[in-house]
Amino acid sequence: MSPENGAAPHRDYEVDDGGDGSTSIHFAALGIDHPHRPAAERLWWEFREELAADPHLLIPASVPLHAVELAGPRGQFRWSRSSSPVFHRRHMQEVILRGLRVIALFPGVRVRVVYRETNDYARDRPALFAALAHDLNAELAEDATYGRLIVDGDGREAALREAHRTLSPKGRYLTGDPVFEPARTRALLQAADFLAYAAYQAVAKRESRRFMWHWFAETFPDADGPRAR
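Since the structure is predicted, the reported quantities are computational estimates derived from the model, not experimental observations.

(A) Layout of the overall build of the protein. When its secondary structure is counted, the protein shows seven helices and six strands. Listing every helix and strand of the protein by position from the N terminus yields β-β-α-α-α-β-α-β-α-β-α-α-β. Counting the 229 residues in the protein, one finds 51% classified as buried. The contacts of the protein with a sequence gap of at least 6 include a subset with a gap of at least 24, amounting to 68%. Counting every atom, the protein has about 10,700 Å² of accessible surface; 52% of that belongs to carbon and sulfur.

(B) Quick peek at the pattern of salt bridges. On inspection of all chains with the given rule, the structure shows 28 salt bridges. The salt bridge partner of D143 is R110, with a shortest N-O separation of 3.6 Å. Of the two residues, D143 sits in helix α4 (residues 121-143) while R110 sits in strand β3 (residues 110-117), which places them 33 residues apart along the sequence. R227 serves as the salt-bridge partner of D135, at 3.0 Å between the closest nitrogen and oxygen. Remark: R227 occurs in strand β6 (residues 224-228) and D135 occurs in helix α4; sequence separation between them is 92 residues. Judged by its relative accessible area of 12%, D135 is buried. The class of R227 is partly exposed, set by a relative accessible area of 31%. Salt bridges here are not isolated pairs; linked through shared partners, they connect R11, D33, R110, R112, D135, E139, D143, D224, R227 and R229.

(C) Main features of the packing of aromatic side chains. Within this structure, the stated rule accounts for six aromatic pairs. When the centroid spacing of 5.1 Å and the interplanar angle of 25° are considered together, the rings of Y146 and Y173 count as stacked. Highlighted residues: Y146 in strand β4 (residues 146-152) and Y173 in the loop between α5 (158-164) and β5 (179-181), separated in sequence by 27 residues. Between F211 and W215, the aromatic rings sit 5.4 Å apart at their centres with planes inclined by 65°, giving edge-to-face as the arrangement.

(D) Structural detail: the sheet that holds strand β1 (residues 10-19). Judged by pairing direction, the sheet is mixed, and its six strands sit side by side in the order β5-β4-β1-β2-β3-β6 without closing on themselves. Each having just a single partner strand, β5 and β6 make up the two edges of the open sheet. Recorded for the sheet is a direction-independent mean angle of 20° between the axes of neighbouring strands. Of the strand pairs in this sheet, β4 and β5 are connected by three bridges, and their pairing is parallel. If you follow V151 over to β5, its bridge partner there is F180.

(E) Spotlight on the packing of helix α1 (residues 37-53) against helix α6 (residues 187-204). Packing of α1 against α6 brings their axes to within 10 Å, and their N-to-C directions diverge by 75°. The orientation of α1 relative to α6 falls into the category roughly perpendicular. Along the contact surface, α1 presents R37, A40, E41, W44, F47 and R48, while α6 presents A187, L188, Q190, A191 and F194. Of the residues belonging to the contact of α1 with α6, the class tally is seven nonpolar, one polar and three charged.

(F) Representation of the nonpolar core in the model. Among the nonpolar cores identified, the biggest contains 39 residues, and W44, I96, I103, F106 and F194 are the most heavily contacted of them. When residues of this core are assigned to their parent elements, the largest contribution, ten residues, is made by α6. Contact partners of I103, with chain neighbours within four places excluded, come to L30, W44, V109, A191, F194, L195 and F220. Judged by nonpolar contacts, the second largest core, of 20 residues, contains F27, A29, F129 and V151.

Conventions and cut-offs
Residues numbered from 1 in each chain as written. Predicted model: local features only at pLDDT ≥ 70, side-chain atom pairs only at ≥ 80, totals over all residues. Heavy atoms only, no water. Helix = DSSP H or I, 4+ residues; strand = E, 2+ residues; numbered from the N terminus. Buried < 20%, exposed > 50% of the residue type's maximum accessible area, 1.4 Å probe, protein only. Contact = heavy atoms within 4.5 Å. Areas by Shrake-Rupley, 256 points an atom, 1.4 Å probe, with all protein chains shown as cover. Salt bridge = Lys/Arg side-chain N within 4 Å of Asp/Glu carboxyl O. Phe/Tyr/Trp six-rings, centres within 6.5 Å; stacked < 30°, edge-to-face > 60°. Pairing = 2+ DSSP bridges. Axes fitted to C-alpha atoms, helices over the stretch in contact; angles between N-to-C directions. Parallel < 35°, antiparallel > 145°, perpendicular 65-115°, else oblique. Nonpolar A, V, L, I, M, F, W, Y, C, P; charged D, E, K, R; others polar. Core = buried A, V, L, I, M, F, W, Y, C linked by side-chain atoms within 4.5 Å.

Any functional reading would require information beyond the geometric quantities listed.
Right, dumping it as structure tokens:
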């Protein structure tokens, strides 16, 4: 079967990055086979409705979630309508854990995280992306499934596109170039953002985020990563 054959199995990987933007790079890939996508999207939407109804949060279901904002030192989130300062910070931070647990319920979900410590961010970010693409292509080959990467971005990251093209045409199961879309418009890219941020904190172990050091490992004990590449 070929990717053009409508009967060929197909998988999307939602990909987002994390790290500190200078010396640490993380990429998280959330893999979902096409038949499971409606169920995954339904579970995430139900999660968003719960956040909107939670009196400590009141986060509208229509606005994007970003883990770094939710975990901030004051637990502030600009879209929240909550007026409960006593519980606000703790509840905002726990949105990340709640989201991770929802992701773990996605049928057939595949979670992979790679990271790299670097003294040359501009060089190693696309190199790490290429390593992730090679890992995912091998996973697809093993499963006899075609796939594509959907990456948070505006499409102007030529370095990531070129890194993806280092895949050999022979034995290639990742089809085409990465598809770049802004996470604010794609719910499951926001889920990938949660994965990347939680994995980064599991590796970096920043004291200010001690409360979440164990969240990734406990929620995804069978995940591939975080793995140094």
